[in-house]
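# Observations on chain architecture
If you want the building blocks of each chain, they are given just below.
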Amino acid sequence: MTGPELKKLREHLGEALGRELTAADMAKLCGLSAADGAEKLRRWEVTGPTPKVAALLRVLAMASERYPILEKFDVFDRHDVPVKDRAARRQAFREQMRDDVRKRLA
């Protein structure tokens, strides 16, 4: 994940949650300290985050419709899920991801 991709992700997650996310919010999602986390996040928006943080953010990105559901989480396209139910299950999954992000921010 590059710095500009991280910056876009912050914007897209904010859209998904219905509010703008600050650098401090994103720092909290990344597990950074409150003291200097926002500043570190701003630096990452230029240079890119560490690989470990990028992996976490790829999972959290699934809360937004703009990002794909990662293959290991995609249980909707299996043969045992009726085609007519797949869209609703995907939507429910994304809503659950949004709830998880909101809990992390609380």
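Residues numbered from 1 in each chain as written. Predicted model: local features only at pLDDT ≥ 70, side-chain atom pairs only at ≥ 80, totals over all residues. Heavy atoms only, no water.

When helices and strands are tallied, the protein shows five helices and zero strands. The helix and strand sequence of the protein, counted from the amino end, reads α-α-α-α-α. Projected onto the principal axes, the alpha-carbon positions of the protein cover approximately 50 × 25 × 20 Å. Buried positions account for 39% of the 106 residues belonging to the protein. A separation of at least 24 residues holds for 59% of the contacts in the protein among residues at least 6 apart in sequence. Accessible area of the protein: about 6500 Å², with a carbon and sulfur share of 54%. Taking the average location of the 22 positive side-chain charges in the protein and that of its 17 negative ones, the two points are 2 Å from each other. (Helix = DSSP H or I, 4+ residues; strand = E, 2+ residues; numbered from the N terminus. Buried < 20%, exposed > 50% of the residue type's maximum accessible area, 1.4 Å probe, protein only. Contact = heavy atoms within 4.5 Å. Areas by Shrake-Rupley, 256 points an atom, 1.4 Å probe, with all protein chains shown as cover. Lys, Arg positive; Asp, Glu negative; His and termini not counted. Charge placed at Lys NZ, Arg CZ, Asp CG, Glu CD.)

Of the positions making up helix α4 (residues 51-60), those classed as buried are V53, A54, L57 and L60. Projected down its long axis, α4 carries its buried residues within an arc of 115°, all on one side. Exposed residues on α4 whose side chains face more than 90 degrees from its buried face are P51 and K52. Residues of α4 that are buried make contact with α1 (3-17), α2 (23-29), α3 (37-47) and α5 (83-105). (Arc of directions from axis to C-beta.)

Here S64 shows up in the loop between α4 and α5. Only 3.1 Å separates the side chain of S64 from the backbone nitrogen of R66, close enough to count as a polar contact. (Polar contact = N/O pair within 3.5 Å; in protein donor to acceptor, adjacent residues only side chain to side chain.)

With that out of the way, let us pick up the packing of aromatic side chains. Tallying each qualifying case throughout the model produces one aromatic pair. The interplanar angle of 40° and the centroid separation of 6.2 Å between the aromatic rings of F73 and F93 together place this pair among those described as tilted. Separated by 20 residues along the polypeptide, F73 in the loop between α4 and α5 and F93 in helix α5 bring together distant segments of the chain. On the basis of relative accessibility, which here comes to 26%, the residue F73 falls in the partly exposed class. (Phe/Tyr/Trp six-rings, centres within 6.5 Å; stacked < 30°, edge-to-face > 60°.)

Every buried residue of α3 is listed here: G37, A38, L41, W44 and E45. Down the axis of α3, the smallest arc covering the buried residues is 115°, so these residues share one side. Exposed and facing more than 90 degrees away from the buried side of α3 are V46 and T47. The inward-facing, buried residues of α3 contact α1, α2 and α4.

What follows is about the layout of surface pockets. Taken as a whole, the largest pocket encloses approximately 160 Å³ of empty space. Among the residues making up the lining of the largest pocket, the classes are represented as six nonpolar, no polar and two charged. (1 Å grid on protein atoms, 1.4 Å probe; cavity = no way out; pocket = protein on both sides within 12 Å on 5 of 7 lines; lining within 4 Å. Points joined across faces, edges and corners; volume = space filled by probe spheres on them. Nonpolar A, V, L, I, M, F, W, Y, C, P; charged D, E, K, R; others polar.)

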